[in-house]
Amino acid sequence: MAELEGLEFGKSDFVLLDEVTMEEFLANLKLRFEKGRIYTYIGEVVVSVNPYRGTELYGRDVIEQYRGRELYERPPHLYAVADAAYKAMKRRAKDTCIVISGESGAGKTEASKYIMQYIAAITNPSQRAEVERVKDVLLKSNCVLEAFGNAKTSRNDNSSRFGKYMDINFDFKGDPTGGHIHNYLLEKSRILQQQPGERNFHSFYQLLLGASDTLLNSLRLTRDAAAYRYTQESAGTSSMNNDKSNYKAVADAMQVIGFSPEEVDSVHRILATILHLGNVHFVMPGEAVEVEDMALVSHVATLTATEPEKLLQALLYRTVAAGGGEVIAKGHSATEASYARDACAKAIYERLFCWIVGRINAVIEVQNYDPRLHGKNTVIGVLDIYGFEIFDRNSFEQFCINYCNEKLQQLFIELILRQEQDEYQREGIKWQHIEYFNNQIIVDLVEQPHKGIISLLDEACLTAGTVTDALFLNSMDSRLGRHPHYTSRKLCPTDKTLEFGRDFRIRHYAGDVTYSVEGFIDKNKDTLFQDFKRLLYNSADPVVRAMWLDGEASITEVTKRPLTAATFFKNSIVALVENLASKEPYYVRCIKPNDHKSPMDFDEERCRHQVAYLGLLENVRVRRAGFASRQPYGRFLLRYKMTCEYTWPNHLMATDQEATQALVDQHGLQGEVAYGRSKLFIRTPRTLVALEKQRAQLVPIIVLLLQKAWRGALARRRCRQLRAIYTIMDHYRRHKVRAYLRELCRRFQGVRTMPDYGRSVTWPPPPAVLARFQDHSQQLFRRWRARQIVKNIPPSDMAQIKAKVAAMGALHGLRPDWGCQRSWARDYLSSEVENPTLALQFARRVQALRDKVHFGFVLFSCHVRKINRCNKSRDRAILLTDQHLYKLEPRKQYRVMRSLPLSTVTGVSVTNRQDQLVVFHTCSHNDLVVCFHKMQPAGDNRVGELVGVLADHCKATRRELEVRVSDCIQISLRGKKRLVAVQTRPDAAVPDFGKSRNGFVLYWPQS
Ligand SMILES: Nc1ncnc2c1ncn2[C@@H]1O[C@H](COP(=O)(O)OP(=O)(O)OP(=O)(O)O)[C@@H](O)[C@H]1O
Ligand SMILES: [Mg+2]
């Protein structure tokens, strides 16, 4: 029951009609048709009216709206039924089938294609290649089958001239794994002849109009349907079909399906063979029949890869077993030869068609299916079979087609009534019988053993001697004369619409059809001489050969009589109906709104007729009998629980049935419903409409509530996620810190015992959070290392170290070499090595000074060269004690020549080179300029030592000492400013001073 659109579009379910009358039914159907609502339900049956125009009803968006929805949740549609069938198959592992019925041109084939598209669109979300392939082949197969099995008729430009039942197999996940196409009775007589305004099968025109010139030349065809007898009648017939573009589409489809290029070539050759064969004429100039144009025979032989002589033999003679293993060739008459040729052409086309179906099946057949691995293999069947037909001239094919429709109607009645009846019984509800027309009587008229028309036809065909169609009509008249659904001119002489001796009429469920009996016997026998079968079996073309495997039998072999065409058809239809009955059926009932393919015209009479014979009114009545609607308690509550306080949001009663009862009671609907075992039965649609209205009012409020809850849930979820993120971040950071510290410990574990105390150990890269920590740690580590190193220095070396540190502070980076690597002896003049002859004199002088001024210790002593007042270089010595700087005369027992209290020395200047120049700046602006000299070894570098010793001493006595380093030193001599520069002299043996323009130059011997 679908009630989703406004009533201006009519009622979307005929069950909701106020009164079930033909008039109301038609009025609703018409209104919906005019409003573009071509689908309407009767319960779960879809009634579809052919719109004869493109609509917006299909496509990806619409498919999404129906996907996974219940039937009643969306406006009626084929997609909803397809979804219901799919769901039943998937949820309950039930085989289902969708039976599409209706007369020719009502839209069955189109419906079947939309259903297939829907199933293809909603399956295989994981895009598995194999499943995609199966779906592709299933979809593309329509195009190929339509080319070879459809034709323009007076009813439909694209009329299916064969029946099709397609099984789609699914795995337990609901994805298609394969399929199988069953084809039924191709109307092959169309090959030979078409009624006015009709055409042969599309494939011929597609080949003639669409193939390239080269291909046509190779097939020896011209691009003109009028040139071939089988297509000439229809050559002028216009068609909506675009044969040229369809040719391309079919070629592409065949390629996708997996036809090899050789196979496609063979198919073209077979079509050309038929066209050429039709043009073969037989003449009888003398005693024997001859072929008029032998060139045609050779074309056909080439195209079928057979030998021309054997082909000619098969066309003109037939081989007959003469008994005792003997065979003789019996010549045809011209008529017999033409008949045999036509039979051959028909058979070739039929076998081609069956071969194509077989090839498609081979490609989509389910492979390697193991139910233990893949679960139950379920099936959805889609039946698109030719619709009920009434032409001006109805022959054997229409008889078969209409019989088939009788059987399907029978199935419809049986299933719809049986289901309904079963349901009431199952649910323990009293069932009221509905009158409907049961067409079983017509089915019996056709198929009953011994008495039915098919039996009589077979009987006539088996009778020895020449049996004519007229004799067969006679036998029907005498045996079926009393049947209420059979008549003929003989039985009803006043009826001028029946031709005497030719016509008989069956009153079908869908209307009276007058059949011409002409050709019944022939078509039923469907004779094809063994000679053709053998000929084609021996073809060198493997595709042709594969179609004629029965041609292998020897002529003398006694074979079982083959089934007649009618019996074969009956058997296949009986099997089909049994197959359908074993599945859960879904119905699409197609209605043709008018006979001239107009999108505007709703021909009431034509529609009335169809509604009547399709039994749609009965369908509605049966559906409404007693109870228009039924729903499982759970589903009913789910839909309407918001309308009752006891059931919203969830009931607390013991069972859903009790809750339903509470809801029904609250609405005061007790008299309107009945309680089944698992379902609630609602008597009138009005009740449901009232419930729906209430529900519709409440839904917006619920939607708001749900939105609120949902938004809250979303926010909570986001919050939870954020929390989780922070926890993870936190743990991760901890982990990083721990890992860093562990690594640090590992690397620095043994540093105490390392000779360099871990100087060579590289620090692991710290996490961002520990960057400052690492800086501090490194500082601490450096201090610790320094401590370790300093701790190991002997106290005697400490003074030297301190001096070196002080020198480094003053000179590092300013003077390249300042003698750091040496051991600093300080008092060089007391050393026997440096001063072997005068060390003793120097020691006496030091002692004398110590006695006199009581200094503490000697800081430095060394021989120097200096410049005197008269600008002459003189050799002197300097002695630096903790109190004074002395200039001494070495040649006079180191007599003191100048004494400067250390407090008057304000700074020292040195150069930034290798030389040993030192300037002592004094506060009296009378600087002392000296250059160390006579050192052992000669190249000793004592500038750093002097600076270090003096700076360290000043630091200890908290005095300022300025140390300057430059390449040109400024001095004050008795208050005058002078400059001292240094020049290297390779030829000088000892350092010496000279005068310069603005002061002095020290000539330094190059080392
Ligand atoms: N749903 C639809 N939308 C648009 N056009 C449609 C629709 N259904 C059918 N038609 C039109 O009607 C024509 C006939 O439809 P279709 O071939 O499906 O009829 P059929 O019932 O299969 O007839 P037959 O029994 O002769 O095979 C289509 O070619 C198409 O032009
Ligand atoms: Mg069709």
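Each remark here, short or long, concerns the structure printed above.
Quick caveat, the model's predicted, so the values are computed rather than measured. (Residues numbered from 1 in each chain as written. Chains lettered and ligands numbered in written order. Predicted model: local features only at pLDDT ≥ 70, side-chain atom pairs only at ≥ 80, totals over all residues. Heavy atoms only, no water.)

S.K.: Is there a simple way to think about the sheet that holds strand 30 (residues 992-996) in this case?
M.R.: Neighbouring strands of a sheet are bound in pairs by backbone hydrogen bonds; such pairs are parallel or else antiparallel. What the four strands build is an open sheet, ordered 28-29-31-30; its pairing is mixed. The two strands at the open ends of the sheet, each matched to only one other strand, are strand 28 (968-973) and strand 30. Sheet twist, expressed as the mean angle between neighbouring strand axes with direction ignored, is 30°. Relative to strand 29 (residues 976-985), strand 28 runs antiparallel, the two sharing six bridges. Residue pairing across strands places Ile971 opposite Arg978, the latter belonging to strand 29. (Pairing = 2+ DSSP bridges. Helix = DSSP H or I, 4+ residues; strand = E, 2+ residues; numbered from the N terminus. Axes fitted to C-alpha atoms, helices over the stretch in contact; angles between N-to-C directions.)

S.K.: So what exactly am I meant to see when it comes to helix 18 (residues 469-480) here?
M.R.: Side chains of residues three or four places apart in an α-helix project in the same direction, reflecting 3.6 residues per turn. Here helix 18 spans 16 Å end to end across 12 residues, near enough to the 16 Å set by a 1.5 Å rise per residue. Within the sequence span of helix 18, burial applies to Asp469, Phe472, Leu473, Ser475, Met476, Asp477 and Leu480. Residues of helix 18 that are buried make contact with helix 16 (440-447), helix 17 (453-462), strand 13 (486-488), strand 14 (503-508) and helix 19 (520-525). (Expected span 1.5 Å × (residues − 1). Buried < 20%, exposed > 50% of the residue type's maximum accessible area, 1.4 Å probe, protein only. Contact = heavy atoms within 4.5 Å.)

S.K.: Mind showing me how you'd approach the pattern of salt bridges here?
M.R.: As a working rule, side chains carrying opposite charge can pair if their charged atoms are close by. Going through the model one piece at a time under the given rule, you end up with 56 salt bridges. With its nearest N and O atoms 2.8 Å apart, the salt bridge here joins Asp503 to Arg502. Judged by its relative accessible area of 4%, Asp503 falls in the buried class. Overall, Arg502 belongs to the partly exposed group, its relative accessible area being 24%. Between Glu834 and Arg942 there is a salt bridge; the shortest N-O distance is 2.6 Å. Highlighted residues: Glu834 in the loop between helix 29 (795-811) and helix 30 (839-853) and Arg942 in the loop between strand 26 (928-932) and helix 31 (943-956), separated in sequence by 108 residues. Here Glu834 falls in the buried class, since its relative accessible area comes to 7%. Because the salt bridges share partners, they merge into one network encompassing Arg161, Glu187, Arg190, Glu198 and Glu389. (Salt bridge = Lys/Arg side-chain N within 4 Å of Asp/Glu carboxyl O.)

S.K.: Got a minute to help me understand a nonpolar patch on the surface in this structure?
M.R.: A cluster of nonpolar side chains, namely Leu722, Ile725, Tyr726 and Met729, defines an oily patch on the protein surface of about 360 Å² accessible area. Among the secondary structure elements, Leu722 is positioned in helix 27 (residues 685-748). (Patch = residues over 30% accessible without salt bridge, like charges linked within 9 Å, V, L, I, M, F, W, Y side chains within 5 Å. Areas by Shrake-Rupley, 256 points an atom, 1.4 Å probe, with all protein chains shown as cover.)

S.K.: What is the right way to look at the packing of aromatic side chains in this model?
M.R.: For any pair of aromatic rings, geometry is given as the distance between the ring centres together with the angle between the planes. Enumeration according to the criterion identifies 35 aromatic pairs in this entry. Centroid distance Tyr424 to Phe681: 5.5 Å. Interplanar angle 35°. Geometry classified as tilted. Pair noted here: Tyr424 is in helix 15 (residues 396-427) and Phe681 is in strand 19 (residues 679-682), with a separation of 257 residues, a long-range link. Overall, the relative accessible area of 1% leaves Tyr424 in the buried class. Residue classification places Phe681 among the buried residues on the basis of a relative accessible area of 0%. Ring centres of Phe504 and Phe520 lie 5.7 Å apart, and the angle between their planes is 80°; this geometry places the pair in the edge-to-face category. Of this pair, Phe504 sits in strand 14 while Phe520 sits in helix 19, placing them 16 residues apart in sequence. Accessibility assignment for this pair places Phe504 and Phe520 in one class, buried. It is Arg351 that lies over the ring of Trp548; its NZ or CZ is 4.0 Å from the centre. Directly above the ring of Phe259 sits Arg359, whose terminal nitrogen or CZ lies 5.4 Å from the centroid. (Phe/Tyr/Trp six-rings, centres within 6.5 Å; stacked < 30°, edge-to-face > 60°. Lys NZ or Arg CZ within 6 Å of the ring centre and 35° of its normal.)

S.K.: What exactly am I supposed to notice about the site of ligand 1 here?
M.R.: Taken together, 19 residues are adjacent to ligand 1, and Ser104, Lys108, Thr109, Ser159 and Ser160 come closest. At a separation of 2.7 Å, an oxygen atom of ligand 1 approaches a polar side-chain atom of Lys108. In the model, an oxygen atom of ligand 1 is placed 2.9 Å from a nitrogen or oxygen of the Glu110 main chain. Protein chains bury 86% of the 630 Å² of accessible surface belonging to ligand 1 in isolation. For the shell around ligand 1, the elements supplying multiple residues, two or more each, are helix 4 (108-122) and strand 5 (159-160). Sorting elements by how many residues they give to the shell around ligand 1 places helix 4 first, with four residues. (Near = heavy atom within 4 Å. Polar contact = N/O pair within 3.5 Å; in protein donor to acceptor, adjacent residues only side chain to side chain.)

S.K.: Even after reading the chapter, I still don't get the coordination of the magnesium ion (ligand 2), so can you show me in this structure?
M.R.: Each pair of donors in an ideal octahedron of six around a metal sits at 90 or 180 degrees, and each pair in an ideal tetrahedron of four sits at 109.5 degrees. In the first shell of the magnesium ion (ligand 2), the protein supplies Thr109 (OG1) and Ser160 (OG), at 1.9 to 2.1 Å from the metal. With a gap of 51 residues between them, Thr109 in helix 4 and Ser160 in strand 5 connect regions that are remote in the sequence. When its relative accessible area of 12% is taken as the criterion, Thr109 is described as buried. (Donors = N, O, S within 2.8 Å, 3.2 Å for Na, K, Ca; no water.)

S.K.: I tried to follow the nonpolar core on my own but got confused; where do I start?
M.R.: Core analysis: the biggest nonpolar cluster contains 116 residues, and Phe148, Tyr349 and Leu352 have the highest contact counts within it. Of all the elements, helix 13 (residues 334-364) adds the most residues to this core, at 16 residues. In this view, Phe148 contacts Phe201, Ser203, Val250, Val267, Leu271, Tyr349, Leu352, Phe353 and Ile356; residues no more than four positions away in its chain are not counted. Within the second largest apolar cluster, 74 residues are counted, among which are Phe33, Cys404, Val517 and Val620. (Core = buried A, V, L, I, M, F, W, Y, C linked by side-chain atoms within 4.5 Å.)

S.K.: Can you help me understand the pairing of strand 20 (residues 858-867) in this one?
M.R.: By the criterion of burial, strand 20 is predominantly enclosed, with 10 of the 10 residues buried. When strand 20 meets strand 21 (residues 873-881), the two strands line up antiparallel, connected through nine bridges. Along strand 21, the bridge assignment pairs Val864 with Arg876. Pairing analysis gives three bridges linking strand 20 to strand 26, with the strands arranged antiparallel. When the sheet's bridge partners are listed, Arg865 is paired in strand 26 with Cys931.

S.K.: Would you take a moment to explain the sheet that holds strand 13 for this structure?
M.R.: Judged by pairing direction, the sheet is antiparallel, and its three strands sit side by side in the order 13-14-15 without closing on themselves. The outermost strands of the open sheet, each flanked by one partner alone, are strand 13 and strand 15 (511-516). Pairs of neighbouring strands in the sheet enclose a mean axial angle of 25°, with direction left out of account. Bridge analysis of strand 14 against strand 15 gives six bridges, and the strand direction is antiparallel. In the sheet register, His508 faces strand 15, and the bridge partner there is Gly511.

S.K.: How do you make sense of the packing of helix 10 (residues 261-278) against helix 13 when you look at a structure like this?
M.R.: Think of two packed helices as two axes; the pair is described by the angle between the axes and how far apart they sit. Close contact between helix 10 and helix 13 brings their axes to 9 Å; oriented N to C, the two are set at 160°. In terms of axis orientation, helix 10 runs roughly antiparallel to helix 13. When you trace helix 10 past helix 13, the crossing you get is left-handed. Side by side, helix 10 and helix 13 meet where Glu263, Val267, Ile270, Leu271, Thr273, Ile274, Leu277 and Gly278 of the first sit next to Arg341, Cys344, Ala345, Ile348, Tyr349, Leu352, Trp355 and Arg359 of the second. Along the lines of polarity and charge, the residues of the contact of helix 10 with helix 13 split into 11 nonpolar, two polar and three charged. (Parallel < 35°, antiparallel > 145°, perpendicular 65-115°, else oblique. Left-handed = near helix turned anticlockwise from the far one by under 90°. Nonpolar A, V, L, I, M, F, W, Y, C, P; charged D, E, K, R; others polar.)

S.K.: Sorry if this is basic, but what is going on with helix 1 (residues 22-34) here?
M.R.: Between the first and last C-alpha of helix 1 there are 18 Å, a value that for 13 residues agrees with the 18 Å anticipated at 1.5 Å per step. Taken together, the buried positions of helix 1 are Met22, Phe25, Leu26, Asn28, Leu29, Arg32 and Phe33. All buried residues of helix 1 project into a common sector of 160° when viewed along the axis, lining one side. (Arc of directions from axis to C-beta.)

S.K.: Could you clarify how one ought to interpret the environment of Gln194 in this entry?
M.R.: Structurally, Gln194 can be placed in the loop between strand 7 (176-184) and helix 6 (202-210). Among the residues examined, Gln194 registers a relative accessible area of 6% and is labelled buried. Ignoring any residue separated from it by four or fewer positions in sequence, one finds Gln194 in contact with Arg199, Asn200, Tyr230, Glu233 and Ser234. At a separation of 2.7 Å, a polar atom in the side chain of Gln194 contacts the main-chain carbonyl oxygen of Arg190. From its side chain, Gln194 meets the backbone oxygen of Tyr230 in a polar contact 3.1 Å long.

S.K.: Please explain the state of the cysteines as it appears in this structure.
M.R.: By definition, a disulfide is the covalent link that joins the sulfur atoms of two cysteine residues. Per the stated rule, a full pass over the model turns up zero disulfides. Sulfur of Cys143: no disulfide; nearest cysteine sulfur belongs to Cys354 and is 19 Å away. No disulfide involves Cys400; its sulfur sits 9.3 Å from the nearest other cysteine sulfur, which is in Cys404. Residue Cys400 is classed as buried on the basis of its relative accessible area, which comes to 2%. (Disulfide = S-S within 2.5 Å.)

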